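# Observations on chain architecture
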Amino acid sequence: MQHFIWRFRSKPRLPIDYGDLKPKKSNFKQFKWRKIGPILCAIILFVYIILGGKYFSSSEADPAGSKSKTDSVTFRENMGQKSTQVLINNNQNAEVQLKNGNEMSDLPKNEDDLPDSVHIYDLGKSQGKIKAEQNEQRVLLLIPLRNCENMLPLMFRNMMNMTYDHSLIDVAFLVSDCTKGDRTLEMLYKYSIALQEKELLPMLEEHDNRVTSKGFYGTTDLYTRYMPEDYIKKVKNAFSPPYHEGYTKPFHNIEIYQKDFGQSIGQGFSDRHDVKIQGIRRKLMGRSRNWLLSVALRPYHSWVYWRDVDIELCPGDVLQFMMKFAKNFDIMIPNVWRPPPTFLGNEQPYDLNSWIESDEALKLAKTLDEDDVIVEGYAEYPTWRAHLAYIRDPNGNPNEIVSLDGVGGVSILAKAEVFRRGANFPAFTFLNHAETEAFGKMSKQMGFKIAGLPHYTIWHIYEPSQEDLQKISQMERKKRRFGKYNDN
Ligand SMILES: Nc1nc2c(ncn2[C@@H]2O[C@H](COP(=O)(O)OP(=O)(O)OP(=O)(O)O)[C@@H](O)[C@H]2O)c(=O)[nH]1
Ligand SMILES: *[C@@H]1O[C@H](CO)[C@@H](O)[C@H](O)[C@H]1NC(C)=O
Ligand SMILES: [Mg+2]
């Protein structure tokens, strides 16, 4: 009997006097029930499972999270909406119980046979693979935006220039923390509607005529006088006809999201590049990216393409070009450079967040607090990593690939699966990194492969730093004094 009490007492075993709990005469009965109880429960459960699907679950029952007879079908109800989503994993047949209680013994042959509020998605079909465009794989283009009203014409031109069939691309923007008076959201809305109604090109051409386009497209600023000649010529060509065939074709869908996260660090070049604020700024950016991703990613997307607003030149076939590597890689990153003014040398590596990990950096990380964020490209953190930017050879083979550990966010193409399996942009310190670099590290740990393309380059706009602006105004003063350009 002592043995019986021990078995049914909960752990941990406290130093109590079991004498009090000693079963009295009625023990025999108790014993029986306790032993039979679980068995009875199991039988009832078993009967419920066998019959439950047919007789117990009515159409009123909340299907959220419940599983049907085959494991590959999950019902999800959109909260507050009358729509049931049937998510199907492989090509397996499954019985689908519709919301109104009708029962089908087979999947419908096509989606038109279902009522409007029921959707079937075969997630096995939304996997990023080579020959994406031929196989009509759909892409989600994600662009976070902040205080960038004047860069929107540039951004829309770059979107239009994409030769991947626009009708296979959904676009989602997240606008956050714009300062008072900034009209990013309004202009975004205006341009988006124009784009979808095929009225954007004339609108942008009219905009171009108002500002002389030199240096970065659409800017009249003084510094454009100091941009390299051949770069300016390239920019001029890039924004003039002839355009590719589908240039003005509407995108499949455009979504605009607005949410503030309390980012208070200035969006000016020198503000946002101070080393001390990088960790905080990058974590907040990570949060924005995760929100955008989680609201916009749909079951039919095979690819996710992250792009920053401030890219000036990018080959039109950037998606197709990077998708070629889908056989061996899950995430693809081009090289990102910028064209600084002539007095700084004509071109410069820009994005230093794409790198190959080094022993020195791993050692450095061990000396830091768990919460410290290493930011790349600052003297404070001597990592001695190989940066994708510096591996570039202007005449190198654009198809050459290096395997990366950290990535920058300027232009990330990833299979949607990477995110579906849970990778994200840590808004906390992950292995002493945050946001996109942490995304790289996390993806790597999850077994994904990251391809960096050192000789395939896209061009970030040049924004003058405070120092550069001082230098420029100095030179302008000299010019006025001596009547000509004189840089000593
Ligand atoms: N939603 C949102 N977007 C942001 C925020 N900060 C920057 N962005 C956008 O994110 C993209 C990248 O921002 P950048 O300011 O260029 O910062 P970065 O990615 O660190 O790159 P660089 O500063 O250019 O080296 C741009 O499209 C910005 O408009 C933010 O706090 N919220
Ligand atoms: C558009 O694509 C073409 C062809 O790849 C390229 O030469 C041009 O620079 C692109 N334009 C922009 C604005 O990037
Ligand atoms: Mg930028």
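Residues numbered from 1 in each chain as written. Chains lettered and ligands numbered in written order. Predicted model: local features only at pLDDT ≥ 70, side-chain atom pairs only at ≥ 80, totals over all residues. Heavy atoms only, no water.

## Re the confidence of the model for the protein
- The share of residues in the protein with pLDDT of 70 or more is 75%, and the mean pLDDT across the chain is 81.
- Below pLDDT 50 for its whole length, residues 1-31 participates in 18 contacts with residues either more than four positions away or in separate chains.
- Counting contacts from residues 52-103, a segment whose pLDDT is below 50, to residues more than four positions away or on other chains yields 84 contacts. (pLDDT = per-residue confidence, 0-100. Contact = heavy atoms within 4.5 Å.)

## Describing the pattern of salt bridges
- In the structure shown here, the tally under the stated rule is 19 salt bridges.
- Across the pair lysine 415 and aspartate 330 runs a salt bridge, and its minimum N-O distance is 3.3 Å. Of this pair, lysine 415 sits in strand S16 (residues 411-415) while aspartate 330 sits in the loop between helix H9 (318-323) and strand S11 (331-338), and the two are 85 residues apart along the sequence. The residues lysine 415 and aspartate 330 share a single accessibility class, namely buried.
- Its salt-bridge partner being lysine 441, residue glutamate 357 comes within 2.5 Å of it at the nearest N-O pair. (Salt bridge = Lys/Arg side-chain N within 4 Å of Asp/Glu carboxyl O. Helix = DSSP H or I, 4+ residues; strand = E, 2+ residues; numbered from the N terminus. Buried < 20%, exposed > 50% of the residue type's maximum accessible area, 1.4 Å probe, protein only.)

## Let's talk about the side chain of threonine 457
- Within the fold, threonine 457 resides in strand S17 (residues 450-460).
- Of the polar contacts made by the side chain of threonine 457, one reaches the side chain of arginine 392; its length is 2.9 Å.
- Among residues more than four places away in sequence, those in contact with threonine 457 are Pro315, Asn335, Trp337 and Arg392. (Polar contact = N/O pair within 3.5 Å; in protein donor to acceptor, adjacent residues only side chain to side chain.)

## Digging into the site of ligand 1
- Lining the immediate surroundings of ligand 1 are 17 residues, of which Pro144, Gln267, Arg272, Arg281 and Tyr350 lie closest.
- One of the backbone N or O atoms of leucine 145 is found 3.4 Å from a nitrogen atom in ligand 1.
- Separating an oxygen atom of ligand 1 from a side-chain N or O atom of aspartate 308 is a distance of 3.5 Å.
- The fraction of the free accessible surface of ligand 1 (610 Å²) that becomes covered by protein chains is 92%.
- Contributions of two or more residues to the shell around ligand 1 are made by strand S6 (138-145) and helix H8 (278-296).
- Here the shell around ligand 1 gets three residues from one element, more than from any other, and that element is H8. (Near = heavy atom within 4 Å. Areas by Shrake-Rupley, 256 points an atom, 1.4 Å probe, with all protein chains shown as cover.)

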